[in-house]
Amino acid sequence: MAVSLEFSDFISELLEPFGDFTIKRMFGGIGIYWDGIMMAVLFSDELYFKTGPSNIKDYQDKEMPAFKPFENKPMTMSYSLVPPEVIEDREAMELWATKALEAALAAKKKKSAKKI
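Let me sum up the structure you'll find in this document. (Residues numbered from 1 in each chain as written. Predicted model: local features only at pLDDT ≥ 70, side-chain atom pairs only at ≥ 80, totals over all residues. Heavy atoms only, no water.)

## Points about the side chain of T51
Here is step 1: Relative to the helices and strands, T51 is located in the loop between β4 (46-50) and α2 (56-61).
Here is step 2: The residues touching T51, leaving out its near neighbours within four places in the chain, are I56, Y59, S78, Y79, S80 and A103. (Helix = DSSP H or I, 4+ residues; strand = E, 2+ residues; numbered from the N terminus. Contact = heavy atoms within 4.5 Å.)

## Digging into a negative patch on the surface
Here is step 1: On the surface, E6, D9, D45 and E46 cluster together to form a negatively charged patch.
Here is step 2: Here E46 is to be found in strand β4.
Here is step 3: Judged by its relative accessible area of 31%, E46 falls in the partly exposed class. (Patch = residues over 30% accessible without salt bridge, like charges linked within 9 Å, V, L, I, M, F, W, Y side chains within 5 Å. Areas by Shrake-Rupley, 256 points an atom, 1.4 Å probe, with all protein chains shown as cover. Salt bridge = Lys/Arg side-chain N within 4 Å of Asp/Glu carboxyl O. Lys, Arg positive; Asp, Glu negative; His and termini not counted. Charge placed at Lys NZ, Arg CZ, Asp CG, Glu CD. Buried < 20%, exposed > 50% of the residue type's maximum accessible area, 1.4 Å probe, protein only.)

## Overview of the environment of A104
Here is step 1: Residue placement: A104 occurs in helix α4 (residues 90-115).
Here is step 2: Put simply, A104 and M26 are 78 residues apart on the chain and 18 Å apart in space, counted from C-alpha to C-alpha.
Here is step 3: The residues touching A104, leaving out its near neighbours within four places in the chain, are I37, M38, M39 and K50.

## So, unusual backbone geometry
Here is step 1: Here the phi dihedral of D45 falls at roughly 55 degrees; this positive angle occurs in a residue that is not glycine.
Here is step 2: You will see that E63, though not glycine, has its phi angle at about 55 degrees, which is positive.
Here is step 3: Inspection of the secondary structure puts E63 in the loop between α2 and β5 (66-67).
Here is step 4: On the basis of relative accessibility, which here comes to 72%, the residue E63 falls in the exposed class.

## Quick look at the packing of aromatic side chains
Here is step 1: Under the definition given, this model contains 3 aromatic pairs.
Here is step 2: Seen in terms of ring centroids, Y48 and F67 are 4.9 Å apart; in terms of plane orientation they differ by 55 degrees. Their pairing is tilted. Here Y48 is found in strand β4, whereas its partner F67 is found in strand β5, with 19 residues between them in sequence.
Here is step 3: Relative to W96, the ring of Y59 has its centre 4.8 Å away and its plane inclined at 80 degrees; by these criteria the two rings are edge-to-face. One end of the pair, Y59, is in helix α2; the other, W96, is in helix α4, with 37 residues separating them in the sequence. (Phe/Tyr/Trp six-rings, centres within 6.5 Å; stacked < 30°, edge-to-face > 60°.)

## Quick word on the environment of K108
Here is step 1: With respect to the helices, strands and loops of the structure, K108 is situated in helix α4.
Here is step 2: For K108, a relative accessible area of 43% translates into the label partly exposed.
Here is step 3: Between the alpha carbons of K108 and V82 there is a distance of 21 Å; along the sequence they are 26 residues apart.

## Re the side chain of S12
Here is step 1: For S12, the location among the structural elements is in helix α1 (residues 5-14).
Here is step 2: S12 sits in the buried class, given a relative accessible area of 17%.
Here is step 3: Sequence-distant contacts of S12, that is, excluding residues within four places in its chain, are made with F21 and I23.

## A few points about the pattern of salt bridges
Here is step 1: Scanning the model with the defined rule gives 4 salt bridges in all.
Here is step 2: With its nearest N and O atoms 3.0 Å apart, the salt bridge here joins E13 to R90. Residue E13 is located in helix α1, and its partner R90 is located in helix α4; the two are separated by 77 residues in the primary sequence.
Here is step 3: Its relative accessible area of 40% is what places E13 among the partly exposed residues.
Here is step 4: On the basis of relative accessibility, which here comes to 48%, the residue R90 falls in the partly exposed class.
Here is step 5: Across the pair K57 and D61 runs a salt bridge, and its minimum N-O distance is 2.9 Å. Of this pair, K57 and D61 both sit in helix α2, 4 residues apart, roughly one helical turn.
Here is step 6: Overall, the relative accessible area of 52% leaves K57 in the exposed class.

If you want it as structure tokens, here you go:
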């Protein structure tokens, strides 16, 4: 399902404290990039943040599912659904977004190290 303009604008407003970020349409959803690094996905008017060892427990504790881009395939990606109560609380949103960005930066660093 597509992402509504209203939801995209709402999330963009919430992420304004992070400064410059780029939104790119992809695979029926939207990728949110900070300094060229994807930190979030919007899909079907839901927000998924990048996860990694430093923040995955936050999502598991709240039983939030991983991003599954294709309904008919078991594949998931290392992004998890952001709980509604986090989206509704600006301070919590800033904390969770910061952790998502840290996870994205760590994943990029790990990927770059493998190339050497």
